[in-house]
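# Coordinates in review
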Amino acid sequence: MLIKHRLRAIQHDTNVCADIEGFDFDNHDARDIAKLREYWLQYGVIRFKRTRITDEQQVRFSRHFGDFVIHPKQLQEGGHPTHPEILVISNAMKDGKPSGALGNSEATWHTDTWFYERPPAGAILRAIKVPLVGGDTYFLSTYLAYDTLPEALRKAVEGRQIFFQNVYDKTGKLRLGKTTPASDDFREWSGIVHPLARRHGETGRKALYLGGTQEGAWIVGMPLGESNALLAELWDHTTKSDQIFIQKWDEGDIMMWDNRCTMHRRDSFDPNTIRIMHRTTTSGERPV
Ligand SMILES: [Fe+2]
């Protein structure tokens, strides 16, 4: 008889992440998946150390957690040759062109694709090739950011909406399908509005929603200077958390985060080293 490992989660010192032990990517059932889902919702980030799975297995595994979301970069340099569900994040060059999305420079704090009407719920990121040093990924909880807001800030956030322009990316490049706006005021550009504090569709908990950048973000209806000052305070409060999990990658590691209640960032790394990651992304609800 096949003896199955007992699936369990080992919490880290920070309460943002837990390691999953005893999960078999080749042999699991609906109960195992339900348990994983529970851990994922509980911790916000779960980690599988040094897996040895194929792209195909990653796609099959990810499918348990919802429909796939295609990142705009998947339609450009970040596409995978045989699995359209996978975003290839790579700094390697092929024939003088990038062979994946993103370079080696630092990726600042963000939630994934905050500029969508329905940002994804889940991201499953698997290390294919990683440099020995650099490129660490940091995670924080935006539940915690909300829960620890000083009273005055919590009041200031209550019932507020945040506008994000979605014309330019963080590097100043036009996003796919966007054209240079006529106005100098980003508040008149194409963009998306989300609640500044959103209620998680599954846990019902409230989380602060800051998107991915202070630039090009505006708290709707507030004078711009006031909005900038409040956002600076909220960013400061959120990113200076003492509960930050730092992932130092080994090949095969998988980080799976809940994009509705976490933010992440990545250190830069030596451009002469190669870092390749395969990400699958699952769909989420419209923030409310
Ligand atoms: Fe990201």
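The structure displayed is predicted, hence computed values, not measured ones. (Residues numbered from 1 in each chain as written. Predicted model: local features only at pLDDT ≥ 70, side-chain atom pairs only at ≥ 80, totals over all residues. Heavy atoms only, no water.)

## Considering empty space enclosed by the protein
Heads up, the rule is: Both cavities and pockets are sets of points on a 1 Å grid over the protein atoms alone; in a cavity a 1.4 Å probe fits but cannot get out, in a pocket the set is open with protein on both sides within 12 Å along at least five of seven lines, and lining residues sit with an atom within 4 Å of a point. Grid points are joined across faces, edges and corners, and a volume is the space filled by probe spheres set on the points. Each residue gets one of three labels, nonpolar for Ala, Val, Leu, Ile, Met, Phe, Trp, Tyr, Cys and Pro, charged for Asp, Glu, Lys and Arg, and polar for the others, Gly among them.
By the definition in use, this model includes two cavities of 30 Å³ or more. As for the second largest cavity, its lining consists of Ile89, Ser90, Asn91, Ala101, Leu102, Gly103, Arg266, Phe269, Arg275 and Met277. Its residues assigned to classes, the lining of the second largest cavity comprises five nonpolar, three polar and two charged.

## Remarks on the nonpolar core
Buried together is how nonpolar side chains tend to be arranged in soluble globular proteins. Selection rule: Nine residue types can take part in a nonpolar core, namely buried Ala, Val, Leu, Ile, Met, Phe, Trp, Tyr and Cys, and a core is a set of them joined through side-chain atoms within 4.5 Å. Relative accessible area decides the class of each residue, using a 1.4 Å probe on protein chains only: under 20% of the type maximum gives buried, over 50% gives exposed, and in between gives partly exposed. By definition, any uninterrupted DSSP run of H or I lasting at least four residues is a helix, any uninterrupted run of E lasting at least two residues is a strand, and each is numbered from the N terminus. Domain extents, as shown, originate in an automatic or database domain assignment. The contact rule is simple, with two residues in contact once any of their heavy atoms fall within 4.5 Å.
Ranked by size, the top nonpolar core spans 26 residues in total, and within it Leu208, Leu210, Leu231 and Leu234 carry the most contacts. Taken together, the elements giving at least two residues each to this core come down to strand S9 (137–141), helix H3 (142–147), helix H4 (151–157), strand S10 (161–165), strand S14 (217–219) and helix H5 (224–239). Counting residues per element, this core draws most heavily on H5, at four residues. Two domains each provide a minimum of three residues to this core, namely domain 1 (8–131 + 248–282) and domain 2 (142–239). In this structure, leucine 234 is in contact with Leu149, Leu153, Val157, Leu196, Leu208 and Leu210, ignoring residues within four places of it in sequence. By size, the runner-up hydrophobic cluster in this structure holds 20 residues, among which are Ile20, Leu41, Ile53 and Phe65.

## Comments concerning the sheet that holds strand S11 (residues 191–195)
Operational definition: In this description, strands pair whenever DSSP reports at least two bridges between them. Fitted lines through C-alpha atoms give the axes, limited to the stretch in contact for helices. The angle between two N-to-C directions lies from 0 to 180 degrees.
With antiparallel pairing, the three strands of this open sheet are ordered in space as S11-S10-S14. Unpaired on one side and paired on the other, S11 and S14 mark the two borders of the sheet. Ignoring strand direction, the axes of neighbouring strands in this sheet form an average angle of 25 degrees. Both S10 and S11 contribute to a ladder of five bridges, which runs antiparallel. In the sheet register, isoleucine 162 faces S11, and the bridge partner there is histidine 194. Of the strands in this sheet, S10 and S14 are in contact with H5, which crosses S14 at around 105 degrees.

## Focus on the sheet that holds strand S7 (residues 107–110)
The strand order S7-S17-S9-S15 describes an open sheet built from four strands, whose pairing is antiparallel. Pairing within the sheet leaves two strands with one partner each, and these edge strands are S7 and strand S15 (245–247). Each adjacent strand pair in this sheet contributes to an overall mean axis angle of 15 degrees, direction not counted.

## Observations concerning the coordination of the iron ion
Four donors placed tetrahedrally around a metal ideally meet at 109.5 degrees, and six donors placed octahedrally ideally meet at 90 or 180 degrees. Basically, it comes down to this: Donor atoms: N, O and S within 2.8 Å of the metal, or within 3.2 Å for Na, K and Ca. Because water is excluded, sites can look incomplete.
Taken together, the protein ligands of the iron ion are His110 (NE2), Asp112 (OD) and His264 (NE2), with distances of 2.1 to 2.2 Å. Summarised as a motif, the one-chain spacing of the donors to the iron ion is H-x1-D-x151-H. Of this pair, aspartate 112 sits in the loop between S7 and strand S8 (122–129) while histidine 264 sits in strand S17 (residues 262–266), and the two are 152 residues apart along the sequence. Note on accessibility: aspartate 112 and histidine 264 belong to one class, buried.

## Concerning the layout of surface pockets
Its boundaries defined by the atoms lining it, the largest pocket holds a volume of some 1,000 Å³. Surrounding the largest pocket, 40 residues form its lining, His71, Lys73, Leu102, Asp169 and Arg175 being those nearest its centre. Mapped by element, the contributors of at least two residues to the lining of the largest pocket are strand S4 (87–90), S7 and S17. Here the lining of the largest pocket is built from residues that sort into 14 nonpolar, 13 polar and 13 charged. A domain split of the lining of the largest pocket shows at least three residues from each of domain 1 (8–131 + 248–282) and domain 2 (142–239).

## Considerations on a nonpolar patch on the surface
Stated precisely, the cut-off is as follows: A patch consists of residues whose relative accessible area exceeds 30% and which take part in no salt bridge; residues with like charges are grouped when within 9 Å of each other, and nonpolar side chains (Val, Leu, Ile, Met, Phe, Trp, Tyr) when within 5 Å. The method behind every accessible area is Shrake-Rupley, applied with a 1.4 Å probe, and residues are considered shielded solely by the protein chains displayed. The salt bridge definition used is simple: a Lys or Arg side-chain nitrogen within 4 Å of an Asp or Glu carboxyl oxygen.
A grouping of Ile70, Leu75 and Leu176 is seen on the molecular surface, where their side chains present a nonpolar patch of about 290 Å² in accessible area. Of note, isoleucine 70 is situated in the loop between helix H2 (55–63) and S4.

## What about unusual backbone geometry?
Not every positive phi belongs to a glycine, and arginine 50 is a case in point at roughly 45 degrees. For arginine 50, the location among the structural elements is in the loop between strand S3 (45–48) and H2. Even without being glycine, threonine 113 reaches a positive phi, approximately 40 degrees. Locating threonine 113 in the fold gives a position in the loop between S7 and S8.

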